[in-house]
Amino acid sequence: MASLNDHYLKLAGAYLFPEIDRRVGAFLERHPEAATRLIRCGIGDVTEPLPRSVIAAMHAALDEMGERSTFRGYGPPLGYSFLREAIAAGDFADHGLDISPEEIFVSDGSKSDCGAILDILGDGNRFGVPDPVYPVYVDTNVMAGNTGPRRDDGRYEGLAYLPCTADNGFVPEVPDTPLDVIYLCFPNNPTGGMITRPQLRAWVDYALRHDAIILYDVAYQAYVRDADAPRSIYEIDGARRCAMEFHSFSKSGGFTGVRCGYTVCPRELQARTRDGEPRPLHGLWARRWSTKSNSVGYVVQRGAEALFGADGRREVATLVEHYLGNATLLREGCAKRGMDVFGGTNAPYVWVRCPDGRSSWETFDWMLEEAGVIITPGVGFGQCGEGYFRISAFNTRDNVEQVVDRLGALEQLTR
Ligand SMILES: *Cc1c(COP(=O)(O)O)cnc(C)c1O
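Residues numbered from 1 in each chain as written. Predicted model: local features only at pLDDT ≥ 70, side-chain atom pairs only at ≥ 80, totals over all residues. Heavy atoms only, no water.

Caption draft 1: Just the overall build of the protein chain, in detail. Looking only at helices and strands, the protein chain features twelve helices and 15 strands. Whereas a compact globule of 415 residues would reach a radius of gyration of roughly 22 Å, the protein chain reaches 22 Å, a difference of no more than 12%. The dimensions of the protein chain, computed from C-alpha atoms along their principal axes, are 65 × 55 × 55 Å. For the protein chain, the residues scored as buried account for 53% of the 415 residues in total. For the protein chain, restricting intrachain contacts to residue pairs at least 6 apart in sequence, the fraction spanning at least 24 positions comes to 73%. Accessible surface for the protein chain amounts to roughly 18,500 Å². Of this, 50% is attributable to carbon and sulfur atoms. (Helix = DSSP H or I, 4+ residues; strand = E, 2+ residues; numbered from the N terminus. Rg over C-alpha atoms; globule rule 2.2 N^0.38 Å. Buried < 20%, exposed > 50% of the residue type's maximum accessible area, 1.4 Å probe, protein only. Contact = heavy atoms within 4.5 Å. Areas by Shrake-Rupley, 256 points an atom, 1.4 Å probe, with all protein chains shown as cover.)

Caption draft 2: Representation of the sheet that holds strand β11 (residues 341–343). Strands sit in the order β11-β12-β15-β14 across an open sheet of four strands; the sheet is antiparallel. Whereas interior strands pair on both sides, the edge strands pair on one side only; in this sheet they are β11 and β14 (376–377). In this structure, β11 lies alongside strand β12 (residues 349–353), joined through three bridges in antiparallel fashion. Residue pairing for β12: Val341 is matched across the bridge by Val352. (Pairing = 2+ DSSP bridges.)

Caption draft 3: Examining the side chain of Asp131 more closely. Structurally, Asp131 is set in strand β3 (residues 127–131). Judged by its relative accessible area of 1%, Asp131 is buried. In this structure the side chain of Asp131 is engaged in a polar contact, spanning 3.3 Å, whose partner is the backbone nitrogen of Gln383. Reaching out from Asp131, the side chain makes a polar contact with the backbone nitrogen of Cys384 at a distance of 3.1 Å. Discounting residues that sit within four places of it in the chain, Asp131 has contacts with Arg155, Tyr161, Leu162, Pro163, Cys164, Phe381, Gly382, Gln383, Cys384 and Gly385. (Polar contact = N/O pair within 3.5 Å; in protein donor to acceptor, adjacent residues only side chain to side chain.)

Caption draft 4: Spotlight on the state of the cysteines. This structure, assessed with the given rule, holds zero disulfides. With no disulfide of its own, Cys114 has Cys185 as its nearest cysteine by sulfur position, at a separation of 8.7 Å. Look at Cys114 and you get buried, because its relative accessible area is 2%. A relative accessible area of 3% places Cys185 in the buried class. (Disulfide = S-S within 2.5 Å.)

Caption draft 5: The arrangement of the sheet that holds strand β5 (residues 181–185) in detail. If you trace the seven strands from one edge of the open sheet to the other, you get β2-β8-β7-β6-β5-β3-β4, paired in mixed fashion. Of all the strands in the sheet, the pair left with one neighbour each is β2 (104–107) and β4 (159–163). If you compare each strand with its neighbour and ignore which way they point, the axes differ by 20° on average. One ladder, built from four bridges, connects strand β7 (residues 243–248) with strand β8 (residues 261–264); its direction is antiparallel. For Glu245, the partnering residue across the bridge sits in β8 and is Val264. (Axes fitted to C-alpha atoms, helices over the stretch in contact; angles between N-to-C directions.)

Here it is, written out as structure tokens:
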């Protein structure tokens, strides 16, 4: 009999979203009349349609595919140079950052990249993950065999969990112990928190001191509003020697269903061989992609390129303003009801302390039953998320205004 990858058996069954669905289903069985009233503020998916400029570019690209003279088959495995050049200019050179098109690797999205990166990292690395966390970082490490078994508290042996709490402003502190690979994500999902430049500087210094690598996830880069906040880790001197950056067009251009993102792997970035010899990762990453993938469709890459045009940028700005406007309303709505509110100013997520000492799931049930609003329990993102919930600003304005109204009504119910 063939053997399977036992590491998969360590994974907890998918828990958070199935459990949400189970509770919503049970509620609707008791209250079928509430079905049309429910508002979902749980899932991190965009709601607004694609920018017009993206649609136009994709239509034109599809027409090219229909003519013999302009038809394209396999593209370059690391992405078409028109897109890699547009990215290098629009996301880096225009901001005074030195990243060349050859250091950009186009992919079908950041989630894939998070898993793929483990292909080129060796055994025995000590991994640091924030808590609460985007679960993909943890589960991909479990699958790759980088952890021990799951403990009763839901954490995995062998991973270093970096607490993000109200006390540290939801930015993990640099640890005393050496780690080899650290995941950071700012603006953050789920807390909506943002890192300051000095805090990011401290992490880069730490990585340089310990020859560690930072995997820096900037899926929400377009939401950064604080002028002093770092948009990219490459704004910090030395980051080219210790960091990869993970980008996605999902939350900026509404590409969650189109699928396109990219990673940056600077040429200076090195890791050591089993014999302790430092070697650049760039060649391995290129080899990984050209062996295991044929990149993303031409039509999709033309769509992504359009995000960097004058119209595309304006349309992205409008989308982001819409979601940030929602976040502001949700922040204010929660704060007005006396809740402790975090995030939501540089991110499409508002992170709220559960009122009256309730747990995350108690608050979930309460919001569902009393307000017909579905939120995400913070504990679903890690132990340190207990006692919090996340409200996503990915919604229509209409829904958000209703949620705010219902939060207002909640106050009276609980008094
Ligand atoms: C949404 C999200 C991504 C982007 O994923 P895609 O696969 O590009 O859609 C990456 N990281 C975080 C933290 C996210 O929330």
